[in-house]
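# Remarks on the overall topology
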Amino acid sequence: MNIDLTGKNALVCGSTAGIGKAIALQLAENGATVTLVARNEEKLKETLIELAHEQGQKHNYFVADFSNPAEVKEKVKIAAERKTWHILINNTGGPKGGPIFSAAPEEFIKAFSQHLECNQIMVQAVVPGMKESDYGRIINIISTSVKQPIDGLGVSNTIRGAVASWSKTMANELGQYGITVNNVLPGFTATDRLADIIKNASKRFDGSEEKATAFMKSVVPARRFAQPGEIANAVAFLASEAASYINGVNLPVDGGRTKSL
């Protein structure tokens, strides 16, 4: 099966590092023209250079900080006046770790705004163009915690679950327009985010990050962490014509770690 995204425009959030960057690189490699979004302009410029540049691809970027939904709304509104996107990748760094009981109430509000509110802003900006094009792929990078809460990620577990329910509702509403809405649930993936999780988990192993890493790998049937590109492969498929009848699903890409179906 050839996943060809030539002629498609993709808007990729959080696209200067980790999974988001891998997705941007993969979509460009498959022919899409990519708009990068992140808060650090220097990193955006660096990533822009790394994207595949074939004939017809004119990649670009805009700067937006997802901790400021009002700024995100303003920036994407301006960008949407100049461009139609066929693919939207909602991807934002997760909230800090820690037990849910000790989390300050404002941590939930901040995470809700950064994830669900900004996702809603992005969707409202891109859907009119998707309807006109009769083609839309909205893919949300969430977490396996929507199926099975992860210890030590109390705020994240809560907000990711809200995003999953939002996504399923959106899928039900937009399916009639040829627009699909799906969630990709990465397992343990070799990113800076995982390094922070390992550091937090090491407290249960006498401060040993090596032991924490070994334990985390041991609960994955594949016995290893994912590479960001492996998550990007799943996203590229969902973004393609081949996935036109897949809508409203949570797709774990976790090496089999999640115990539920």
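See the structure shown above.
A few points on the structure.

It is at 8 Å that the axes of helix α1 (residues 18–29) and helix α8 (residues 228–239) come closest, and there the two elements cross at 50 degrees. Classified by the interaxial angle, the pair formed by α1 and α8 is oblique. The two elements α1 and α8 meet at a crossing, and its hand is right-handed. Residues Gly18, Ile19, Ala22, Ile23, Gln26 and Leu27 of α1 form the contact with α8, whose participating residues are Pro228, Gly229, Ile231, Ala232, Asn233, Val235, Ala236 and Ala239. In terms of residue class, the contact of α1 with α8 is made up of ten nonpolar, four polar and no charged.

Let's shift gears to the nonpolar core. Counting residues in hydrophobic clusters, the biggest one holds 34 residues, and the most contacted among them are Leu11, Phe62, Phe66, Leu88, Met122 and Ile138. Put simply, the parts of the chain that give this core at least two residues each are β1 (9–13), α3 (69–80), α4 (105–133), α5 (154–174) and β6 (179–186). Take this core: its biggest share by element is nine residues, from α4. Discounting chain neighbours no more than four positions away, the residues touching Phe66 are Cys13, Val37, Val72, Thr92, Ser113, Gln114, Cys118 and Met122.

Basis of the calculations
Residues numbered from 1 in each chain as written. Predicted model: local features only at pLDDT ≥ 70, side-chain atom pairs only at ≥ 80, totals over all residues. Heavy atoms only, no water. Axes fitted to C-alpha atoms, helices over the stretch in contact; angles between N-to-C directions. Helix = DSSP H or I, 4+ residues; strand = E, 2+ residues; numbered from the N terminus. Parallel < 35°, antiparallel > 145°, perpendicular 65-115°, else oblique. Left-handed = near helix turned anticlockwise from the far one by under 90°. Contact = heavy atoms within 4.5 Å. Nonpolar A, V, L, I, M, F, W, Y, C, P; charged D, E, K, R; others polar. Core = buried A, V, L, I, M, F, W, Y, C linked by side-chain atoms within 4.5 Å. Buried < 20%, exposed > 50% of the residue type's maximum accessible area, 1.4 Å probe, protein only.

Read these as geometric descriptors, not functional statements.
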